[in-house]
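Chain residues, written in single-letter form:
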Amino acid sequence: MEQEWSGRLTALEERVSGGLRRIGALEQGQETLRRLATAVEVLATRQESMADSVGRLDEKLDALERRPAKRWESLMDKLLLALAGAFVSFLLTRGGGL
């Protein structure tokens with residue numbers, strides 16, 4: 001009877017030892033998942049920040065791209081105004097008036 005109890009006790013100790021090993025492995029896996037989730041959260045926050053920065057840079061780039069067009073339009077307006085003034089001046093000086 002004592003041998004039977006000894007065998008059962010040994011089997012139970014082996015099962016407990018195996019269970020403890022599995023629990024330890026699960027705890028390690030859970031810790032790895034927690035660190036991974038934290039890393040993903042940090043990456044998501046950084047990505048949002050980068051998206052905001054890229055948006056602001058895009059707006060600045062658009063403004064810089066529009067600037068030469070505005071200058072060209074301003075130059076053309078002044079050139080047309082000067083040509084119109086020269087034409088009117090030519091007419092006034094040539095014909096003595098309109």
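None of the values given here were measured: they were computed from a predicted structure.

Student: Explain the overall build of the protein chain to me, using residue names and the numbers behind them.
Tutor: Per the secondary structure count, the protein chain includes one helix and zero strands. Over its C-alpha atoms the protein chain spans a radius of gyration of 42 Å, topping by over 25% the 13 Å that the globule rule assigns to 98 residues. Seen through its principal axes, the protein chain has C-alpha atoms that stretch 140 × 15 × 10 Å. Out of the 98 residues in the protein chain, the part that is buried amounts to 2%. Taken as a whole, the protein chain presents about 9300 Å² of accessible surface, with 62% of it coming from carbon and sulfur. Each charge class in the protein chain can be summarised by its mean position, and for the 15 positive and 15 negative side chains these summaries are 11 Å apart.

Student: Summarise a positive patch on the surface; cite the residues concerned and give the values.
Tutor: Residues Arg-66, Arg-67, Lys-70 and Arg-71 make up a contiguous surface patch of positive charge. Within the element layout of this structure, Lys-70 appears in helix 1 (residues 2-95).

Student: Break down the pattern of salt bridges for me, with residues and values.
Tutor: Tallying each qualifying case throughout the model produces three salt bridges. For Glu-4, the salt bridge is made with Arg-8, and the minimal N-O distance between the two is 3.4 Å. Here the residue Glu-4 and the residue Arg-8 both occupy positions in helix 1, the gap between them amounting to four residues, near one helical turn. Using a relative accessible area of 43% as the deciding quantity, one classes Glu-4 as partly exposed.

Student: I'd like a rundown of a nonpolar patch on the surface, residues and numbers included.
Tutor: A cluster of nonpolar side chains, namely Leu-9, Leu-12, Val-16, Leu-20 and Ile-23, defines an oily patch on the protein surface of about 470 Å² accessible area. Examined against the element boundaries, Val-16 turns out to sit in helix 1. The class of Val-16 is partly exposed, set by a relative accessible area of 45%.

Student: I'd like to hear about the packing of aromatic side chains, residue by residue, with values.
Tutor: Tallied over the entire structure, the rule returns zero aromatic pairs. A cation sits over an aromatic face here: Arg-8 above Trp-5, 5.7 Å from the ring centre.

Student: So what about the environment of Glu-65? Which residues, and what values?
Tutor: Relative to the elements of secondary structure, Glu-65 occurs in helix 1. Since its relative accessible area comes to 52%, Glu-65 is described here as exposed. When the C-alpha positions of Glu-65 and Trp-5 are compared, they lie 88 Å apart, and in sequence the two are 60 residues distant.

Each value, and the rule that gives it
- Residues numbered from 1 in each chain as written.
- Predicted model: local features only at pLDDT ≥ 70, side-chain atom pairs only at ≥ 80, totals over all residues.
- Heavy atoms only, no water.
- Helix = DSSP H or I, 4+ residues; strand = E, 2+ residues; numbered from the N terminus.
- Rg over C-alpha atoms; globule rule 2.2 N^0.38 Å.
- Buried < 20%, exposed > 50% of the residue type's maximum accessible area, 1.4 Å probe, protein only.
- Areas by Shrake-Rupley, 256 points an atom, 1.4 Å probe, with all protein chains shown as cover.
- Lys, Arg positive; Asp, Glu negative; His and termini not counted.
- Charge placed at Lys NZ, Arg CZ, Asp CG, Glu CD.
- Patch = residues over 30% accessible without salt bridge, like charges linked within 9 Å, V, L, I, M, F, W, Y side chains within 5 Å.
- Salt bridge = Lys/Arg side-chain N within 4 Å of Asp/Glu carboxyl O.
- Phe/Tyr/Trp six-rings, centres within 6.5 Å; stacked < 30°, edge-to-face > 60°.
- Lys NZ or Arg CZ within 6 Å of the ring centre and 35° of its normal.

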